[in-house]
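Here are the chains, one letter per residue:
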Amino acid sequence: MIEAHGLARGFRARGKTVEAVRGVDLDVAAGELVGFLGPNGAGKTTTLRMLTTLLRPTAGRAVVAGKDLATDPVGVRRRIGYVAQGGGTIPDSRVLEDLVMQGRLHGLGKREAISRARSVADRLDLADLVERPVKSLSGGQRRRLDIALGLVHQPVLVFLDEPTAALDPRSRANVWEHIRALRADLGTTVFLTTHYLDEADALCDRVLVIDNGTIIATGSPAELKANVSGDLVAVGVPELALVRTAEIAARIAGQDAVLAEGNTVEFRVPRGDLALPELLRALDAASIGTNSLRVHQPTLDDVFLTLTGRTIRDAEEAHVAA
Ligand SMILES: Nc1ncnc2c1ncn2[C@@H]1O[C@H](COP(=O)(O)OP(=O)(O)OP(=O)(O)O)[C@@H](O)[C@H]1O
């Protein structure tokens, strides 16, 4: 559904060139729900704007929804939906009016546009709000309208740029439900950008992690977490038993570093739940009693930290300061 090779884009700003995207390869299959995860300024929106024909790549090529980006941008536009950050609704119009107008912009006849508008409003839980002025909608309702606007022409592939930015947790969960339903009911391929780790984790089949304009990892959230970080096991023991415990832990953890400090020994293993029985048996055999035992399963932030040496939040703060 998306096949991109070496997509790149630079911008001239204040006499300098910013390489926003530096050679991105993408391969998204039909029906996938893929998340493009990275800190602010990583190059997510720029990539999305290239894939949706709004921005010309400086280098690279892509086939999107079966059409070549460079030679058939109109063909690409017909087949895709794009929901930008901030959305494209007109505040003084009414919800239905807005949806109908969008359908008309896509070349639908009046009756067809009204029928599609009603059906997409229904799908996004906006049926009771169709006569409301857009400006009276809450943040979550407004985001659902933005998504509905991107779906009126029934695209096979929809791009969502930060679909839940600035929403409260309940509205975010609600938007997630609608995105899941899109794929489940209609088979729509969804490609979304996010800098929310929990969003990528909860929603996406596959995550592409982007930093500084380059994709640094790809896989399902579970694969990324298992391959990159592993589980962190922390065992609390009497201080006198610390060295012995660290030796036992080193046998279980293999090559990985074991940290022994104060009353706690920490080490990483691919699966904490599988390592625990072995650890407990070995400690028991050495007559070492445990005071506490904790297994921390990695988050996508641990993945980002392992790959880049900084958290997503640190990367965003550095970007703002630059
Ligand atoms: N029109 C432009 N002119 C100059 N620089 C730009 C332009 N658009 C983007 N950039 C720069 O390119 C880099 C990537 O920006 P982009 O908006 O793609 O990041 P992003 O990952 O989408 O961030 P966010 O999460 O904040 O939307 C940033 O350093 C940004 O400042």
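Position labels on residues start from 1 in each chain and follow its written sequence. Two thresholds apply to this predicted model, a pLDDT of at least 70 for residue-level local features and 80 or more for giving and counting side-chain atom pairs, whereas whole-chain, interface and lining totals are computed over all residues.

Engineer: Could you give me a rundown of the site of the ligand, with the residues and numbers involved?
Structural biologist: Near the ligand you find 13 residues, and of these Phe11, Ala20, Asn40, Thr45 and Thr46 are the closest. In DSSP terms, a helix is any run of H or I states spanning at least four residues, a strand is any run of E spanning at least two, and both are numbered starting from the N terminus. Only strand E1 (2-13), strand E2 (16-28) and helix H1 (44-51) provide two or more residues apiece to the shell around the ligand. Counting residues per element, the shell around the ligand draws most heavily on H1, at three residues. The residue inventory of the shell around the ligand, partitioned by class, reads five nonpolar, seven polar and one charged. Whether a residue is near a molecule or strand depends on its C-beta atom, generated from backbone atoms, being within 6 Å of that molecule or strand. Three residue categories are used. Nonpolar comprises Ala, Val, Leu, Ile, Met, Phe, Trp, Tyr, Cys and Pro, charged comprises Asp, Glu, Lys and Arg, and polar comprises the others, including Gly.

Engineer: Give a detailed account of helix H4 (residues 110-123), specifying residues and quantitative values.
Structural biologist: The span expected for a helix works out to 1.5 Å for each residue beyond the first. The end-to-end C-alpha separation of H4 is 20 Å, in line with the 20 Å expected for 14 residues at 1.5 Å each. We call a residue exposed when 12 or fewer other C-beta atoms sit within 10 Å of its C-beta, buried when the count reaches 20 or more, and partly exposed for counts in between; the C-beta positions come from the backbone. Restricting attention to buried positions, one finds in H4 the residues Ala113, Arg116, Ala117, Val120 and Ala121. Viewed end-on, H4 has its buried residues packed into an arc of 135°, placing them on one side of the element. Residues of H4 that are buried sit in contact with helix H3 (95-105) and helix H5 (139-149). Remark: Asp125 follows H4 within two positions and exhibits a positive phi of approximately 60°. Here the arc refers to the directions that run from the helix axis out to each C-beta atom. Two residues qualify as being in contact provided that their C-beta atoms, derived from the backbone, are within 7 Å of each other.

Engineer: If you had to explain the packing of H3 against H5 to someone new, which residues and values would you point to?
Structural biologist: To obtain an axis, a line is fitted to C-alpha atoms, over the contacting stretch when the element is a helix, and the angle between two such axes runs from 0 to 180 degrees between their N-to-C directions. Direction vectors running N to C along H3 and H5 enclose 25°, while the axes themselves pass 10 Å from each other. By the criterion of interaxial angle, the relationship of H3 to H5 is roughly parallel. Judged by the twist between their axes, the crossing of H3 over H5 is right-handed. Note on element contacts: H5 touches H3 through Leu145, Ala148 and Leu149, opposite Val95, Asp98, Leu99 and Gln102. Tallied by class, the residues present in the contact of H3 with H5 amount to five nonpolar, one polar and one charged. Just so you know how the angles are binned, under 35 degrees is roughly parallel, over 145 roughly antiparallel, 65 to 115 roughly perpendicular, and the rest oblique. Crossing handedness is read from the near helix: turned anticlockwise from the far helix by less than a right angle, it gives a left-handed crossing, and turned clockwise, a right-handed one.

Engineer: Can you tell me about the sheet that holds strand E10 (residues 214-219), naming the residues and giving the values?
Structural biologist: Strands are labelled as partners when DSSP assigns at least two bridges between them. With mixed pairing, six strands are arranged side by side in an open sheet as E6-E7-E8-E3-E9-E10. Bordering the open sheet on either side are strand E6 (80-83) and E10, each of which pairs with just one other strand. Each neighbouring strand pair of the sheet contributes to a mean axis angle of 15°, computed without reference to strand direction. For strand E7 (residues 157-161) and strand E8 (residues 189-194), the ladder comprises five bridges, and the chain directions are parallel. Counted as the bridge partner of Phe159 is Phe191 from E8. Relative to the sheet, H1 contacts strand E3 (33-37), E7, E8 and strand E9 (206-211), its axis offset from that of E7 by approximately 150°. Packing against the sheet, helix H11 (residues 300-308) makes contact with E3, E9 and E10, and its axis sits at approximately 40° to E9.

Engineer: Could you give an account of the domain arrangement of the chain, with specific residues and numbers?
Structural biologist: Each assigned domain of the chain is listed with its residue range as follows: domain 1 (2-219) and domain 2 (230-297). Where each domain begins and ends is defined by an automated method or by a domain database. Computed over C-alpha atoms, the centres of domain 1 and domain 2 are 45 Å apart.

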